[in-house]
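Structural features, examined
Spelled out from the first residue to the last, the chains are:
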Amino acid sequence: MPSPTNRCRRAVVTVCAGGQPRSDHERASQAWVARRLAELAGWEYAGEYDPAHPPALRPYFVPDDTLTAAQAARLGIAGEDDLFGGVVPHAFIASKVITHGLPRECASAPEGWRAELGERLRPVVLDGFSAFCPHSAGSAGRELLARGGAIRLKPAQARGGQGQQRVEHPDHLEQAVAALDLLQLQQHGMVLEQDLVEATTCSVGQVRIAGLVLSYLGTQQQAPDREGLEVYTGSRLQVVTGGYEALEAVAGDALQREALDCARRYDAAVAEVHPGFYASRRNYDVIAGRDARGRWRCGVLEQSWRLGGASPAEVVALDAFLSGRVPRGALTASCHESHDLAHRPPPHAQVHFHDPFAGRGPVLKYAVVHGNPP
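Predicted model, so just to flag it, every value in this text is computed and none were measured. (Residues numbered from 1 in each chain as written. Predicted model: local features only at pLDDT ≥ 70, side-chain atom pairs only at ≥ 80, totals over all residues. Heavy atoms only, no water.)

**Regarding the sheet that holds strand S15 (residues 296–304)**
Taken together, eight strands build an open sheet; the order of strands is S15-S14-S10-S11-S12-S16-S18-S17 and the sheet is antiparallel. Two strands in the sheet have a free side with no partner beyond their single neighbour: S15 and strand S17 (350–354). Within this sheet the neighbouring strands show an average axis-to-axis angle of 20 degrees, counted without direction. Where strand S12 (residues 230–241) and strand S16 (residues 330–338) come together, seven bridges link them in antiparallel fashion. If you follow Val-239 over to S16, its bridge partner there is Leu-331. Running at roughly 150 degrees to S17, helix H1 (residues 24–41) makes contact with strand S10 (197–209), S17 and strand S18 (364–369) of the sheet. (Pairing = 2+ DSSP bridges. Helix = DSSP H or I, 4+ residues; strand = E, 2+ residues; numbered from the N terminus. Axes fitted to C-alpha atoms, helices over the stretch in contact; angles between N-to-C directions. Contact = heavy atoms within 4.5 Å.)

**Notes on the sheet that holds strand S9 (residues 190–194)**
The four strands lie next to each other as S6-S9-S7-S8, forming an open sheet whose pairing is antiparallel. In the strand order of this sheet, the two ends are held by strand S6 (128–131) and strand S8 (165–167), each with one partner. Between one strand axis and the next, the sheet turns through 20 degrees on average, direction left out of account. Of the pairings in the sheet, the one linking strand S7 (residues 151–155) to S8 comprises three bridges and is antiparallel in character. Bridge pairing in S8 links Ile-151 to Val-167.

**What about the packing of H1 against helix H8 (residues 311–323)?**
One can describe the packing of H1 onto H8 by two numbers: an axis separation of 10 Å at closest approach and a directional angle of 15 degrees. Between H1 and H8, the crossing angle belongs to the class labelled roughly parallel. Viewed along their axes, H1 and H8 form a crossing whose handedness is left-handed. Across the interface between the two elements, Trp-32, Val-33, Arg-36, Leu-37 and Leu-40 of H1 pack against Ser-311, Pro-312, Val-315, Val-316, Leu-318, Asp-319 and Leu-322 of H8. Its residues assigned to classes, the contact of H1 with H8 shows nine nonpolar, one polar and two charged. (Parallel < 35°, antiparallel > 145°, perpendicular 65-115°, else oblique. Left-handed = near helix turned anticlockwise from the far one by under 90°. Nonpolar A, V, L, I, M, F, W, Y, C, P; charged D, E, K, R; others polar.)

**What about helix H7 (residues 254–273)?**
With 20 residues, H7 ought to run about 28 Å at 1.5 Å a step, and its terminal C-alpha atoms sit 29 Å apart, in line with that. Where H7 is concerned, the buried positions are Leu-255, Gln-256, Ala-259, Leu-260, Cys-262, Ala-263, Tyr-266, Asp-267, Ala-269, Val-270 and Val-273. Close packing links the buried residues of H7 with helix H3 (115–121), S10, strand S11 (212–224), strand S14 (281–290) and S15. Its side-chain oxygen at 3.2 Å from the backbone nitrogen of Leu-255, Asp-253 defines the N-terminal cap of H7. (Expected span 1.5 Å × (residues − 1). Buried < 20%, exposed > 50% of the residue type's maximum accessible area, 1.4 Å probe, protein only. Polar contact = N/O pair within 3.5 Å; in protein donor to acceptor, adjacent residues only side chain to side chain.)

**Re the environment of Ala-313**
Along the chain, the position of Ala-313 falls in helix H8. On a C-alpha basis, the gap between Ala-313 and Ser-235 in space is 7.9 Å, while along the polypeptide they are 78 residues apart. Apart from the residues lying within four places of it in its own chain, the contact partners of Ala-313 are Leu-237, Ala-333, Ser-334, Cys-335 and Ala-367.

**A word on the packing of aromatic side chains**
Going through the model one piece at a time under the given rule, you end up with six aromatic pairs. Consider the rings of Trp-113 and Phe-132, whose centres lie 5.8 Å apart with planes at 85 degrees: the pair is edge-to-face. Pair noted here: Trp-113 is in the loop between strand S5 (86–88) and H3 and Phe-132 is in the loop between S6 and helix H4 (134–146), with a separation of 19 residues, a long-range link. Across this residue pair, the class does not change: Trp-113 and Phe-132 are buried. Between the NZ or CZ atom of Arg-10 and the centre of the ring of Trp-43, over which it lies, the distance is 5.9 Å. (Phe/Tyr/Trp six-rings, centres within 6.5 Å; stacked < 30°, edge-to-face > 60°. Lys NZ or Arg CZ within 6 Å of the ring centre and 35° of its normal.)

**Examining the side chain of His-339**
Turning to its location among the elements, His-339 is positioned in the loop between S16 and S17. Polar side-chain contacts of His-339 include one of 3.4 Å to the backbone oxygen of Gly-361.

As structure tokens, this is what we get:
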């Protein structure tokens, strides 16, 4: 596998684009990914971007969130070669709400909403709706509950499963809808979606940087944090050199093959319906399990076109391929987020966050290439 060219040297910088405060471990991961990408591409790491004092070299951005086209223009980003992440024409396109269409009687939708995307995605997602007002949320939830089984209420901008509610009864639905933040609902929307049991969440993704393309397929892990809440604790990925088609050789069972198919169709539909979208980092969460009637279901839960939980695993895989430690075009990499103070990483792990005194969130984060290639 060829090394990326460094004939056109660049300065890798982080940028806070989401407008939301980030935790220490999120900022540490962002800085670590940016620093490692600079090292692997033969570029310079220039820290956090300061528009008043831009770096002398052309910047390569590692944002903490998906950028809008307006944000990208202000930063001078012209295409996917300028950032580790993605750019969308409207902010809502980067959130969960594009996964589902609106309820029939919904009269509220953001500017730029394209109803045809929901129709295109219906075969590759679970039963669900997106809503931007309490009335629509209530009617959508009642319709889903009437079909049988529990549903999940998901804030559009929440990450890692945070803020979700599982609802089984119409009375509980009404209570949950009544408690919603009206302004947040109107600005960002929410998703109401059927809940599955005996479920596995797969990750399908792709990274492109400096002329290199890596694609991956794997599964996510969850475990209780120090407060007893189920949280994301890592991903284990099969990583290959090349595009999504190269993953067909490592999709070892029916679940993986269906997850890959759903993610590829979702990715293609978004690109066709919203032609202003582009991304150098793409990740799709795909769930597979059984609905209330015992039927097998598989569908994309959401997309991530930004630095994400699996990014450290993406980086250590890139490192292994570029260094030549992996002679063939496939490897296994994993990333881990531990809430256990006694947890110790393996000797060959690349640690990007360790703070045993962290008040909330993980105390240790690291990534590993399995097999520990020499």
